[in-house]
Amino acid sequence: MTYLITGATGNVGSLVTERLIARGIRPRIFVRDPEKARTHYGDRVEIHTGDLSDPKSLSLAFKEVDVLFLVNSGPNIAKLDALAADIVLTEGVKRIVKLSSYDAREQNVGTGVWHAAGEAAIRERGVPCTFVQPSGFMSNALYWARSIKNEEVLRSATGQGTIPFIHPADIADVAVEAMTREEYIGQSLAITGPESLSYAQISERIGAAIGKHIRFEDMSEEEVRAQQVAWNTPPPLVEARLSIFRAIREGRLAKVTDTVTRVLRRKPIAFDQWVKENAAFFL
């Protein structure tokens, strides 16, 4: 079997790649920066260079591939996923495992709208596929590392709403299972962490890990929008983030699933463990 990983130097893609290597597999990776990939992986992988919007480089990378791990981001996810699916059909790739989002299961929520359209594009082409749909990454908490470090505060527009953040390692482990086992073809795997936490509780957990009192301050959507604009965040991403915060605040993303346990036959990793592993970022 030949496995191709896109996003192989990213948060989840790198973990997927390392897990395949640990199984004695030499995977193929598709990257923009071959030197960065070579520095990270050496000769443990086969490197293909290109862009996910470039049909020619995709065609070359997809040749003789059995399973594709597809990672796309941004407002053009549907277009990029459709292009990948078209080339999968042309080159005879057997199936796609797409890194999607838990938000894709909800109507009009954040980047889930983009992922839902990407999932639909893949289904429409009849490509055998599995969609891995993680809730918010625990590593997203690093977004607040500066304010926690400098001001001992975490600010967000999520109110008392909760979300079951998931450890990136669990996402990668589920993705590898989906890539290497055919039983998940046709499934959407909604995966979450073991408990749904409010951002106030997240502040408390981080504070306990670093020995400080971290307070939570609720923000209005107008305050978040002004902040994002000041940071030159692209407008579609500003609105997507506000939509996610709104969904959390309204309790629409709070459900904990048992999918990680079902697929991996173990409990998902708790947020407390992630904080222990990353406490240095908040100090």
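Residues numbered from 1 in each chain as written. Predicted model: local features only at pLDDT ≥ 70, side-chain atom pairs only at ≥ 80, totals over all residues. Heavy atoms only, no water.

1. Notes on the nonpolar core
For soluble globular proteins, nonpolar side chains are generally found buried alongside one another.
Here is step 1: Ranked by size, the top nonpolar core spans 34 residues in total, and within it Ile 148, Tyr 199, Ile 202, Ile 206, Phe 271 and Phe 282 carry the most contacts.
Here is step 2: Broken down by secondary-structure element, the contributors of at least two residues to this core are helix 6 (145-151), helix 8 (199-210), helix 10 (235-249) and helix 12 (271-278).
Here is step 3: By residue number, the principal contributor to this core is helix 10, which donates six residues.
Here is step 4: Excluding its chain neighbours within four sequence positions, the residues that come into contact with Tyr 199 are Trp 144, Leu 154, Ser 156, Thr 158, Gly 161, Ile 163, Phe 165, Phe 216, Phe 245 and Ile 248.
Here is step 5: Val 45, Ile 171, Val 176 and Ala 178 belong to the second largest nonpolar core, which has 32 residues in total. (Core = buried A, V, L, I, M, F, W, Y, C linked by side-chain atoms within 4.5 Å. Buried < 20%, exposed > 50% of the residue type's maximum accessible area, 1.4 Å probe, protein only. Helix = DSSP H or I, 4+ residues; strand = E, 2+ residues; numbered from the N terminus. Contact = heavy atoms within 4.5 Å.)

2. As for the sheet that holds strand 5 (residues 95-99)
Here is step 1: Spatially, seven strands are ordered 3-2-1-4-5-6-9 in an open sheet, and the strand pairing comes out parallel. A single partner strand is all that each edge strand has here, and the edge strands are strand 3 (46-49) and strand 9 (188-191). Direction aside, the axes of adjacent strands within the sheet are offset by 15 degrees on average.
Here is step 2: One ladder, built from three bridges, connects strand 1 (residues 3-6) with strand 4 (residues 67-70); its direction is parallel. Along strand 4, the bridge assignment pairs Leu 4 with Leu 68.
Here is step 3: Along the sheet face, helix 7 (residues 168-180) touches strand 1, strand 4, strand 5, strand 6 (129-134) and strand 9 and points at about 170 degrees away from the line of strand 5. (Pairing = 2+ DSSP bridges. Axes fitted to C-alpha atoms, helices over the stretch in contact; angles between N-to-C directions.)

3. Thoughts on unusual backbone geometry
Here is step 1: Within the chain, Asn 232 stands out as a residue other than glycine whose phi angle is a positive 60 degrees.
Here is step 2: Following the sequence through the fold, Asn 232 ends up in the loop between helix 9 (221-230) and helix 10.
Here is step 3: Non-glycine residue Arg 265 carries a positive phi angle of around 60 degrees.
Here is step 4: Structurally, Arg 265 can be placed in the loop between helix 11 (259-264) and helix 12.

4. Observations regarding the layout of surface pockets
Here is step 1: Size it by volume and the largest pocket reaches roughly 1,500 Å³.
Here is step 2: The element that contributes the greatest number of residues to the lining of the largest pocket is helix 10, accounting for six residues.
Here is step 3: The class makeup of the residues in the lining of the largest pocket is 23 nonpolar, 20 polar and six charged.
Here is step 4: Lining the second largest pocket we find Tyr 143, Trp 144, Arg 146, Ser 147, Glu 151, Arg 155, Met 219, Gln 227 and Trp 231.
Here is step 5: With three residues, the single largest contributor to the lining of the second largest pocket is helix 6.
Here is step 6: Here the lining of the second largest pocket is composed, by residue class, of four nonpolar, two polar and three charged. (1 Å grid on protein atoms, 1.4 Å probe; cavity = no way out; pocket = protein on both sides within 12 Å on 5 of 7 lines; lining within 4 Å. Points joined across faces, edges and corners; volume = space filled by probe spheres on them. Nonpolar A, V, L, I, M, F, W, Y, C, P; charged D, E, K, R; others polar.)

5. Concerning the side chain of Asp 103
Here is step 1: Inspection of the secondary structure assignment puts Asp 103 in the loop between strand 5 and helix 5 (112-124).
Here is step 2: Buried charge without a salt bridge: Asp 103, with Arg 252 as the nearest opposite-charge side chain at an N-O distance of 9.1 Å.
Here is step 3: Discounting residues that sit within four places of it in the chain, Asp 103 has contacts with Val 109, Thr 111, Gly 112, Ile 244 and Leu 253. (Lys, Arg positive; Asp, Glu negative; His and termini not counted. Salt bridge = Lys/Arg side-chain N within 4 Å of Asp/Glu carboxyl O.)

6. Details of empty space enclosed by the protein
The gaps left among the atoms become clear once a water-sized probe is rolled over them.
Here is step 1: If you walk through the whole model with that rule in mind, you get one cavity of 30 Å³ or more.
Here is step 2: Roughly 40 Å³ of internal volume is contained in the largest cavity.
Here is step 3: Elements with a minimum of two residues in the lining of the largest cavity: strand 7 (153-156) and helix 9.
Here is step 4: In terms of residue count, helix 9 provides more of the lining of the largest cavity than any other element does, three residues in total.

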